[in-house]
Structure formats: structure tokens, C-alpha cells
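Structural overview
Here is how the chains run, residue by residue.
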Amino acid sequence: MYPPEPWHLRGQMYLSVFLVPRGRLPQLPPVLDTAVQPITVGGRVAVGAAWVRYEPGGVLHYQELLSAVLVHERGRPRVSITDIWVDSLASREGGRRLWGIPKEMADFTIDAENEPLVDAQAAVAPGGRRIGSALVRLKGRLPGRFPLALTVAQAVGETVRRTPVRGRGGLRTTTAAWQVEPEGPIGYLAGRRPVLSLAITDFWLVFGRTPTDRARKAHSTEKGNTRG
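Our subject in this report is the structure included herewith.

1. Some points on the pattern of salt bridges
Throughout the structure, instances matching the rule amount to 8 salt bridges. Between R97 and E93 there is a salt bridge whose closest N-O contact spans 3.1 Å. Highlighted residues: R97 and E93, both in helix α2 (residues 89-99), separated by 4 residues, approximately one helical turn. Residue R97 is classed as exposed on the basis of its relative accessible area, which comes to 54%. The salt bridge partner of R130 is E181, with a shortest N-O separation of 3.3 Å. Here the residue R130 occupies a position in strand β9 (residues 130-141), and E181 occupies one in the loop between β11 (159-180) and β12 (196-207), the gap between them amounting to 51 residues. Residue R130 is classed as partly exposed on the basis of its relative accessible area of 34%.

2. Notes on α2
Of the positions making up α2, those classed as buried are A90, S91, E93, G94, G95, L98 and W99. Two or three places before A90, at the start of α2, stands the capping residue S88, its side-chain oxygen 3.4 Å from that residue's backbone nitrogen. Phi for G100, located one or two positions after α2, is positive at around 70 degrees.

3. A few points about the side chain of T82
Position of T82 among the secondary structure elements: in strand β6 (residues 76-86). T82 sits in the buried class, given a relative accessible area of 19%. Ignoring any residue separated from it by four or fewer positions in sequence, one finds T82 in contact with P26, L28, S67, A68, V69, P102 and Y188.

4. Some thoughts on the packing of aromatic side chains
Across all of its chains, the model carries 6 aromatic pairs by this definition. Arranged with centres 4.6 Å apart and planes meeting at 40 degrees, the rings of Y54 and Y62 form a pair that is tilted. Since its relative accessible area comes to 9%, Y54 is described here as buried. Using a relative accessible area of 5% as the deciding quantity, one classes Y62 as buried. Among the aromatic residues, those joined into a cluster by ring pairs are W7, W99 and F207.

5. Brief notes about the environment of G48
Tracing the sequence through the fold places G48 in strand β4 (residues 44-54). Between the alpha carbons of G48 and V17 there is a distance of 4.5 Å; along the sequence they are 31 residues apart. Apart from the residues lying within four places of it in its own chain, the contact partners of G48 are L15, S16, V17, L66, S67 and A68.

Rules of the game
Residues numbered from 1 in each chain as written. Predicted model: local features only at pLDDT ≥ 70, side-chain atom pairs only at ≥ 80, totals over all residues. Heavy atoms only, no water. Salt bridge = Lys/Arg side-chain N within 4 Å of Asp/Glu carboxyl O. Helix = DSSP H or I, 4+ residues; strand = E, 2+ residues; numbered from the N terminus. Buried < 20%, exposed > 50% of the residue type's maximum accessible area, 1.4 Å probe, protein only. Polar contact = N/O pair within 3.5 Å; in protein donor to acceptor, adjacent residues only side chain to side chain. Contact = heavy atoms within 4.5 Å. Phe/Tyr/Trp six-rings, centres within 6.5 Å; stacked < 30°, edge-to-face > 60°.

These values are about where atoms sit, not about what they do.
See below:
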């Protein structure tokens, strides 16, 4: 039903960063909560929320809305996705089974035909309650293309799955006006203004471990066992 790891993906991302009181955020799964600590700014937790259009040219093309907590694991930065919706069954099943990403289905409109405006809306599928919307205004384009690298940490049963994500994309500054349903699943963002918004344009990503990554990990594990 879904491609094997890793996924090669292309598209556009419209990202905003919010600062949210820790008490307003959903609780991380216990095994993850003991492994990572939220990154805080002035006593508030940094939360990234993004609309994504994965376009033809990758292994899947679909639309996505996600919210993720920025955390660290003994000083190493991680991203933990708490809420996420897609409009692709293959993406939902693959995300859950390969990496422990809690994907759900939703109905989307991410309209970028009237640049510099991008109008995005999402509702729980099928025909369910509204999740939220955003009006993004694209602004200045930074010259060149920039490397993207992060590690996604998710709970899989009683273990933590750490998944590398690497890629490259263009960057544009933006302003973003979010309208989030207060009683909806990401109601903790309702009424909040992002402290930073940007667009990652024409990106390509490799999501997951490549055969080389797995060989390196196996070698590292074997080396550690030998030393032990």
C-alpha cells in the first residue's frame, strides 16, 4: 500500500513557528516523554506547524497539515510530530507503520494559484469538523538553495524511533495569518500569532534511512558490541 523506506519527496512547505505554554500542548507518549525535552523560549515551547504540498516527482504526491514540538535529546535537536493529517491513504499507512507518525485523514485545499497569496484549509475527513486554515503571503526570496537536515523522534510501541530527514530547498520569507478551530484537534494554536513564518520552496527530501544509513548503523552497533 505504500513505498518502502526511504521516501523521496518533492514539493512546497509553508511553515510557521509558535510559542505555546507547555501546559497547553498534548502530552507526548510516555516512552518519548522520558527520552526528550521540549525546547523552550521564555518558558514557552517552540511548536512548528506547516502546510505541505508533495508534488509529482516524488514517490507519493499528496497534501499535509502537521504540528510538531521542537525537542532535544541530551542536547541533540529533534522534531516530534504530535498532530498530522494527509489526504493519501498510502501516506497515512506508511507514516504510521514505518516511523510511528500518527497520521490521520483530512480534506484539504492548498491553493497557490494566486501568488503571492497561498490559501490553505483543512477539515477532518470524511466531511468532518474544521481543523483550521491559513492565509500565507509570500515575500522575499533568499538567493540560493539551502540544506535541510533534521531527525524525527516518534514513539513506536515501547521504543523511540529516530528517523533522519535530509534535503534541499529554496527559502522565502512570508507572513501567515492562521485561523484554528479553538475546540479542534490543534486548538492549542488558536488565537496565537507565529513568531516566524517562511516557505521552503521546490524542495526535495529523503525521508527515512537509506541502505547506506542502515549499514552504518549496523556497523556502529556491531563495533559497540565488540567493545562491550
